[in-house]
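One letter stands for each residue in the lines below.
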Amino acid sequence: MDDYVIEMLNIIKEFPGVIANDDITLQLKRGEIHALLGENGAGKSTLMSILFGLYQPDKGIIKKDGKEVNISDPNVANALGIGMVHQHFKLVHNFTVLQNIILGVETTKNGFLRMEEAREKVIALSEKYGLAVDPDAIVEDITVGMQQRVEILKMLYRENEILIFDEPTAVLTPQEIEELIKIMKDLAKEGKSILFITHKLNEIKAVADRCTVLRKGKRVATIDVASTSKEEMSEMMVGRKVEFAVEKAHIEPGEPVLEVRNLTVEDKQSGKKTVKDVSFTVRKGEIVCIAGIDGNGQSELVYAITGLLPADDGQIFINGMDVTNLSIRKRNAAGMSHIPEDRHKHGLVLDYTLEENLVLKCYYTPIFQKNGFLKFQKINEYANCLIEKYDIRSGQGAKSIVRSMSGGNQQKAIVAREIDLGPEILIAVQPTRGLDVGAIEYIHKQLVVQRDAGKAILLVSLELEEVMNISDRILVIYEGEIVGELDPKTTTLKELGLYMAGGKRDERSEAV
């Protein structure tokens, strides 16, 4: 008999309008890395949330070490040695890194917190596993990649034996992904058992022993990863063949649409320049990609261009019109759309319905309102049109509360809303983050369709494959400066990596 540390047997979980888990059985062996693969909304996160005690199954049982257990809440899961890094991090933003890691398992003496012991343990863990963090940094001030490390350290601090990673690489750079894969392998060697939710087939091939594939709430198969090809896995996942290569015709770029001149952004707290004298142009009919390791100023650059942050110096033009000091709505009216990197913070109102979120940028236009009153029928018709066109899946259609939707479907909703506005310049930051291969293929095609229609696209991505696949020009950002302009047809991943790490600089890059 196999030595299963966790068995989830015949799990059924229903939500209004959808069966999220339909009679799923998942068995995790001791010391193995077991991947959970499926499309957005296939039921992966729901299944793991049941194992972590966030949801209760309607039917089915869970066994730990062969004995049936009732995981009524996350505290019970932690007591059983089960830890989870969620796709959307569960961190207190105004607490420090250290406070977040020890929250709920604080060491005290005579009613006082023993922070020094905790600090030493956190530093030792971060050094052992290569998860460098600043224990005193406030969580809202650190990058999403750094927040990911905090979540992993939370599990390691609690000495969990069963580790659930829900889309752990969605926010990491390629270098950080390599590090994480090494960490996961080391943890498995130590005897920890890992459940790893991902859409990325390369990562499954690199790290997993076995893989359970889910489709529309049902288990399709549990496979041995080494003997199954990526193509076979993707077909199991989406039920059809998937094109991995992006086809795009050669077109000559037209007039400049977005011009950024000598843009500088300062961090208000530290006074440091996060964006330093950046200039570049995006023309009609081209996809320009800003590539860089997370935390090198690309977020602040995008915030300044879109109006989320004021620029300290420099100018921004759309079709020759100076929008540097205009409001976000006026920039949108000038032809700008923005797919933000943080879909919860800047992309959606989570407690609004899907249809309300889909008209967030145009509800005030005559199509959707008259004399200050919304035309609900029109809004509903428009939302249903986008839901069908972009294959946005949710339990109650246009009336679904966005918070209840899977991360991938939330992302599709933002992409649908922003592209459907027919922008002159589309700023897409991590547009395929957290999406499955079928949805990535679809969104890449949408970006290329926009490009071929003469639109200008500024793509910001940490996915090197995506950067090389769909961009016409690559601008590399390092420590807030554009250090190189590369042609994806002639450059290599190695050269791109050198620029991104600051090991190479193109002096001509100032003229981009």
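Residues numbered from 1 in each chain as written. Predicted model: local features only at pLDDT ≥ 70, side-chain atom pairs only at ≥ 80, totals over all residues. Heavy atoms only, no water.

1. Regarding unusual backbone geometry
With glycine set apart, most residues show a phi of negative sign, and most peptide bonds adopt trans. We count it as follows: A run of H or I in DSSP counts as a helix once it spans at least four residues, and a run of E counts as a strand once it spans at least two, with each numbered from the N terminus.
Non-glycine residue Glu167 carries a positive phi angle of around 50°. With phi around 50°, Lys216 is a residue other than glycine that occupies positive phi space. Mapping Lys216 onto the fold places it in the loop between β11 (210-215) and β12 (218-224).

2. Points about the nonpolar core
The condition is simple: Joining through side-chain atoms within 4.5 Å is the link that ties buried Ala, Val, Leu, Ile, Met, Phe, Trp, Tyr and Cys residues into a set, and such a set is a nonpolar core. The buried label goes to any residue with under 20% of its type's maximum accessible area, the exposed label to any with over 50%, and the partly exposed label to all in between, with areas taken from a 1.4 Å probe on protein chains only. Throughout, a residue-residue contact means that at least one pair of heavy atoms, one from each residue, lies within 4.5 Å.
With 49 residues, the main nonpolar core has Phe165 and Cys211 as its most contacted residues. Counting residues per element, this core draws most heavily on helix α6 (residues 174-189), at 7 residues. If we skip the residues at most four places from it in the chain, Phe165 touches Val85, Ile152, Met155, Leu180, Met184, Ile194, Leu195, Phe196 and Ile197. Within the second largest apolar cluster, 45 residues are counted, among which are Ile287, Cys289, Phe368 and Ala439.

3. So, the packing of helix α13 (residues 376-389) against helix α14 (residues 407-420)
Here is the rule: Geometry is summarised by axes, namely lines fitted to C-alpha atoms with helices restricted to the contacting stretch, and by angles between N-to-C directions that run from 0 to 180 degrees. Here the word oblique covers every angle except those under 35 degrees (roughly parallel), over 145 (roughly antiparallel) and from 65 to 115 (roughly perpendicular). Helix crossings are classified by the rotation of the near helix relative to the far one: an anticlockwise turn of less than a right angle makes the crossing left-handed, while a clockwise turn makes it right-handed.
Between α13 and α14, the least distance of the axes is 10 Å, while the angle of their chain directions is 110°. With respect to their mutual orientation, α13 and α14 come out roughly perpendicular. Crossing of α13 against α14: the hand is right-handed. Taking contact as the criterion, the partners of Tyr382, Leu386 and Lys389 in α13 are, on α14, Ala416, Arg417 and Asp420.

4. A short note on the pairing of strand β4 (residues 59-64)
Spelled out, the test is: Think of it this way: DSSP has to see at least two bridges between two strands before they count as a pair.
When strand β1 (residues 4-15) meets β4, the two strands line up antiparallel, connected through 5 bridges. Paired with Glu7 across the strands is Lys63, a residue of β4. Taken together, β4 and the strand that follows it, strand β5 (residues 67-69), pair antiparallel across an intervening segment of 2 residues, in which Asp65 is found at a positive phi of about 55°.

5. Quick notes on the sheet that holds strand β2 (residues 18-29)
Sheet strands associate in pairs through backbone hydrogen bonding, adopting either a parallel or an antiparallel arrangement. Within the open sheet, the 4 strands sit side by side as β2-β1-β4-β5. Their pairing is antiparallel. Two strands in the sheet have a free side with no partner beyond their single neighbour: β2 and β5. Between one strand axis and the next, the sheet turns through 25° on average, direction left out of account. As paired strands, β1 and β2 are joined by 9 bridges and run antiparallel to one another. Bridge pairing links Met8 to Leu26 in β2. Taken strand by strand, helix α1 (residues 44-51) contacts β1, β2 and β4, and its axis lies near 120° from that of β1.

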